Amino acid sequence: MGYDDIDRKILELLSQNSRLSVREISKIIDSSPPTVSRRIRKLEERGIIKGYVSIIEDEELGYDCRALLLIKVSGGSDPERIIDEMKDNERICNLYTTVGNYDIISTATCPQLNGLSEFIDGLRKIEGIAWIDSVLITSREKVLKKVLT
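Parameters and conventions
Residues numbered from 1 in each chain as written. Predicted model: local features only at pLDDT ≥ 70, side-chain atom pairs only at ≥ 80, totals over all residues. Heavy atoms only, no water. Pairing = 2+ DSSP bridges. Helix = DSSP H or I, 4+ residues; strand = E, 2+ residues; numbered from the N terminus. Axes fitted to C-alpha atoms, helices over the stretch in contact; angles between N-to-C directions. Contact = heavy atoms within 4.5 Å. Buried < 20%, exposed > 50% of the residue type's maximum accessible area, 1.4 Å probe, protein only. Arc of directions from axis to C-beta. Polar contact = N/O pair within 3.5 Å; in protein donor to acceptor, adjacent residues only side chain to side chain. Parallel < 35°, antiparallel > 145°, perpendicular 65-115°, else oblique. Expected span 1.5 Å × (residues − 1).

Draft legend 1. Structural view of the sheet that holds strand 3 (residues 104-110). Taking strand neighbours across the sheet as the criterion, the four strands line up as 2-3-1-4 in an open arrangement whose pairing is antiparallel. Each end of this open sheet is capped by a strand with a single partner; those strands are strand 2 (92-97) and strand 4 (129-137). Neighbour-to-neighbour, the strand axes of the sheet open up by a mean angle of 20°, direction not taken into account. Looking at chain direction, strand 2 and strand 3 are connected through five bridges and run antiparallel. Along strand 3, the bridge assignment pairs N94 with T107. Its contacts with the sheet put helix 4 (residues 79-86) on strand 1 (65-73), strand 2, strand 3 and strand 4, and the angle it makes with strand 2 is roughly 175°. Strands strand 1, strand 2, strand 3 and strand 4 of the sheet are contacted by helix 5 (residues 113-124), whose axis makes an angle of about 160° with strand 4.

Structure representation (structure tokens):
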């Protein structure tokens, strides 16, 4: 089931600022607050809205090193099991299962560049990881911006 123009407007507003109140959204789209509230609840129930996040600047918290981790799983190992072991790690930002040369792609942060090697060495101890290639991220230009078409 899709969504209509009102849902699309609500999603666009929330993607720009997830802290907008129902009242503010209702004024912008010229709809009643109960209607907006009901639509947001339905979008959440249908899984179109999965949550609301704050984007925190890593560097301000002392995490100066950001890396892309390209992970190959050994034959017969379950990538989902490995992801389950990785997802509670506070340094892991994103985890994706993929089809291609790598089975899992992740982004991670570390306080210092020399901490990245230690961190990766710790991940290599997870049973089923064949190897990890890492790429140091030097700048971030776009974060969590969903373009609705």
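From this point on, the discussion continues.
Draft legend 2. A look at helix 4. By the burial criterion, the buried members of helix 4 are I82, I83 and M86. The arc enclosing the buried residues of helix 4, seen along the axis, measures out at 100°, which places them on a common side. Packed against the buried residues of helix 4 are strand 1, strand 2, strand 3, helix 5 and strand 4. Two to three positions downstream of the cap, the backbone nitrogen of E80 sits 3.2 Å from a side-chain oxygen, assigning the N-cap of helix 4 to D78.

Draft legend 3. Main features of the packing of helix 1 (residues 5-16) against helix 3 (residues 33-45). Direction vectors running N to C along helix 1 and helix 3 enclose 80°, while the axes themselves pass 10 Å from each other. Classified by the angle their axes make, helix 1 and helix 3 are roughly perpendicular. In contact with I6, D7, I10, L11 and L14 of helix 1, helix 3 contributes V36, R39, I40 and L43.

Draft legend 4. Spotlight on helix 1. Between its first and last C-alpha, helix 1 extends 17 Å over 12 residues, near the 16 Å set by a 1.5 Å rise per residue. Taken together, the buried positions of helix 1 are occupied by D7, I10, L11, L13 and L14. Down the axis, helix 1 shows its buried residues gathered within 165° of arc, on one side only. More than 90 degrees from the buried face of helix 1, the exposed residues found are D5 and Q16. Where helix 1 is buried, its residues contact helix 2 (22-29) and helix 3. Backbone nitrogen of I6 and a side-chain oxygen of the N-cap are separated by 3.1 Å at the start of helix 1; the cap is D4.

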